[in-house]
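Coordinates in review
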Amino acid sequence: MFSAIYVESELRDHPRVKAICDKFGKGSAAIPIIECERYTELFNRKAQNFRLQKQSPALILARKHANYVLPAPSAYNIGGKYNYYFSHMLNCLYDCRYCFLQGMFQSANYVLFINYEDFAAALQIKFVEHQLEDSYYFSGYDCDSLAFEPVSQFVTSILKIFKGQAKAILELRTKSTQIRSLLDIEPMDNVIVAFSFTPDEIASRWEDKAPSVAKRIAAITKLAKLGWKIGLRFDPLIYHPDFQQQYENLFKTVFSNLSEKSIHSVSLGLFRLPEKFHKKMTKLFPDEALFVAGLSKRSSELNANMISYKESIEANLFNGCEKILLDYIPASKFFSCQER
Amino acid sequence: MINIIVALAAEAKPIIAYYKLKRNHAIHAFPLYSGKDMNLVVTGSGKLASAAATGFVAGFIKNIDIEQNSAWLNVGIAGHRDRECGTAVLAHKIIEKSSTLNHYPFVSQSLSVPGVEICTVEVVETEYADDLVYDMEACGFFVAASRQTSLEFIQCLKIISDNHTSNVYDLKPNNVSSLIENNLEIIEETKSDIMNLFSQRQMQIRVPAQWLEWRRRFHFSETQNHLLRNLFYNLQALDDMKYIDQIEKANVKDAADLISILQNRVESY
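Source: prediction; values computed, not measured.

This brings us to the layout of surface pockets. All names here are of chain A. Here the second largest pocket defines a volume of roughly 1000 Å³. Tyr-76, Phe-100, Tyr-141, Asp-235 and Arg-272 are the residues nearest the centre of the second largest pocket, which is lined by 40 residues in total. For the lining of the second largest pocket, the secondary-structure elements that each account for two or more residues are β7 (95-96), α4 (101-104), β10 (168-174) and β15 (272-274). Here the lining of the second largest pocket is built from residues that sort into 23 nonpolar, eight polar and nine charged.

Encoded structure:
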């Protein structure tokens, strides 16, 4: 599963670290366990190749020291005024070619911050700050919320914090079918399990290691039947000359398996990358059409130094998908995740 | 191209014989041996000598072919308090005794050689106080090599030569050569593993052959050269290399003109 496990020295006796090391660091297929001082010694080091590392990433067990809960980027919301995100992990088990993490991080190794209690404490401060109004908390920005749950048990731990906090709404964004931690507990009204989708043709080509669209739908169906609120995130929208048909098929499949009642929200997201990330990603994958076809650099003040589809393509793609989508859901459940 | 860095002539001897390397007599700074896709340099003892020689080889190969990146392997003897002499170990962590800096070589899942923490010391270690493998070069080598190439193409392989029961001062050049010779298979396995990753990367960044043809045709500044290469990558990604062949060479005035033609083509997608 990993090439090695790195452990920050100060955490060597931490119960979560011990449990993970015991699970993977023993027996005939034992994974090497290596101590480091700070995860940044490895993770932020320059001259690493994300693409090669992604073949067999290492796991780094680290402590996060600050910035547990951060304001979410402006386009990252589902209608709320107060939006925050938190990342207990850096990097994702899946290998989606369009993912901005490849451009953001030097390393493909997974970093798991094991001081969950500090995340919980920071969240509780925010709950108090926003006790009179709804506030939204997004998990799954720098990683997939659920993919690593069988090992990390982070979601299990954090759900307890959200219990009874009606004004604090948690979104778990995922492509994963690792939903056991949710199946084992009572559905929570203030938790949205939000699954990301692209059409089958896109997912099978560009979402390596991620569960198929069909498997994700099966997971959603199970959760919805139990009463969990479901979010649907068609994000990023990927252009193909046949996109109308591709997205029509996807929406048809998803919505035929899900009652409108169980859908909390649906959003569309644009494929946009900071120029710096795009440059790094094209260096890693010079042979990747996804990073070339139809893209251009935006010059408007709002999108300065962003690479995205040309305006005509983007408008056509977004408006086309929005139109099809609104045949399936009421406008009140639709959120456009784009800078306005 | 892989560059093997060794401290001692006795360590180098069996490797030179195994890979049939030839001494490059034009080079005097360090004894340098070359063969098919391989250089070996004998650095002398100590991390400074190792770093200097690694930097020297990097400069040397860049003079040959500036487009080629490179892979690096440090091979040498080392001590540990109770590991058996003759055992091969791979650096998973390199500790620089004289500072607080640590280095973390890439851990390859396909290598079966046990991983260890190597502590690079300034003087020969005979106490073996900690559960560390002690050497005198790994750190210098690693720091210098990691300025030349990506982390995945650098490994540091040590053969245990001394421990609590086998005194380092009893080692003779013949013993050192034997220790290395007995581990040639592991050296080859490690070299192949690095080269496997290295070749993968070379394939990923391979520039279409027409790029060289056009580069010869006009003078390109460094910036233009970079732009041109990216445009060739773009056309390759778009599966449109046939467009390059369709360009009427006689109608292209200069480097800027070619770049403009290609940019227009890429932007048409």
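After that view of the structure, there is still more to cover.
Here we take up the pairing of strand β17 (residues 306-309) of chain A. Residues and elements named next belong to chain A. Where β15 meets β17, three bridges bridge the pair, whose relative direction is antiparallel. When the sheet's bridge partners are listed, Arg-272 is paired in β17 with Ser-308. Relative to β17, strand β16 (residues 295-297) runs antiparallel, the two sharing three bridges. Its bridge partner lying in β17, Leu-295 is registered against Tyr-309.

Counted according to the given criterion, the structure contains one cavity of 30 Å³ or more. Counted as a void, the largest cavity has a volume near 130 Å³. As for the largest cavity, its lining consists of 15 residues, and the residues nearest its centre are Tyr-6, Leu-42 and Asn-109 of chain A together with Phe-106 and Leu-151 of chain B. Residue composition of the lining of the largest cavity, by class: eight nonpolar, five polar and two charged.

Chain A puts 31 residues into the contact, and the matching count from chain B is 29 residues. Where chain A abuts chain B, roughly 2400 Å² becomes buried across the two surfaces, and 54% of that area is made up of carbon and sulfur atoms. A per-residue breakdown of the area chain A buries against chain B is headed by Leu-52, Pro-286 and Val-292 of chain A, which together make up 23% of the total. Joining chain A to chain B, the criterion identifies zero salt bridges. Across the contact surface, chain A and chain B share 15 residue pairs in polar contact (both at pLDDT 80 or more). Of all the secondary-structure elements, those providing two or more residues to the side of chain A that touches chain B are β2 (33-36), α2 (40-43), α3 (50-53) and α12 (275-284) of chain A. Each residue belonging to the side of chain A that touches chain B can be placed in one class, and the counts come to 15 nonpolar, seven polar and nine charged.

Here we come to the state of the cysteines. By definition, a disulfide is the covalent link that joins the sulfur atoms of two cysteine residues. Residue and element names in this part refer to chain B. In the structure shown here, the tally under the stated rule is zero disulfides over all chains. No disulfide involves Cys-156; its sulfur sits 9.7 Å from that of Cys-139, the nearest cysteine. According to the relative accessible area criterion, Cys-156 is buried, its value standing at 0%.

Okay, the domain arrangement of chain B next. Considered domain by domain, chain B is made up of domain 1 (2-204) and domain 2 (209-267). Taking only C-alpha atoms into account, the centre of domain 1 of chain B sits 41 Å from that of domain 2 of chain B.

So, on to the packing of aromatic side chains. All names here are of chain A. Summed over the entire model, instances satisfying the criterion amount to 35 aromatic pairs over all chains. Among the aromatic residues, those joined into a ring-pair cluster are Phe-197, Phe-234, Tyr-247, Phe-251, Phe-255 and Tyr-328. The lysine or arginine in question, Lys-64, covers the ring of Phe-113, its NZ or CZ lying 5.1 Å from the ring centre.

Inspection of the secondary structure puts Glu-288 of chain A in the loop between α12 and β16. Here Glu-288 of chain A occupies a buried position and makes no salt bridge, while the nearest side chain of opposite charge, Arg-97 of chain A, is found at 4.1 Å.

All names here are of chain B. Considering the arrangement of structural elements, one finds Thr-54 in helix α2 (residues 47-64). Residue classification places Thr-54 among the buried residues on the basis of a relative accessible area of 0%. At 2.7 Å, the side chain of Thr-54 forms a polar contact with the backbone oxygen of Ser-50. Those residues within four positions of Thr-54 in sequence are excluded, and the remaining contacts are Ile-5, Trp-72, Phe-141, Ala-144 and Ala-145.

Analysis parameters
- Residues numbered from 1 in each chain as written.
- Chains lettered and ligands numbered in written order.
- Predicted model: local features only at pLDDT ≥ 70, side-chain atom pairs only at ≥ 80, totals over all residues.
- Heavy atoms only, no water.
- 1 Å grid on protein atoms, 1.4 Å probe; cavity = no way out; pocket = protein on both sides within 12 Å on 5 of 7 lines; lining within 4 Å.
- Points joined across faces, edges and corners; volume = space filled by probe spheres on them.
- Helix = DSSP H or I, 4+ residues; strand = E, 2+ residues; numbered from the N terminus.
- Nonpolar A, V, L, I, M, F, W, Y, C, P; charged D, E, K, R; others polar.
- Pairing = 2+ DSSP bridges.
- Contact = heavy atoms within 4.5 Å.
- Buried area = accessible area lost by both parts, 1.4 Å probe.
- Salt bridge = Lys/Arg side-chain N within 4 Å of Asp/Glu carboxyl O.
- Polar contact = N/O pair within 3.5 Å; in protein donor to acceptor, adjacent residues only side chain to side chain.
- Disulfide = S-S within 2.5 Å.
- Buried < 20%, exposed > 50% of the residue type's maximum accessible area, 1.4 Å probe, protein only.
- Domains from an automatic or database assignment.
- Phe/Tyr/Trp six-rings, centres within 6.5 Å; stacked < 30°, edge-to-face > 60°.
- Lys NZ or Arg CZ within 6 Å of the ring centre and 35° of its normal.
- Lys, Arg positive; Asp, Glu negative; His and termini not counted.

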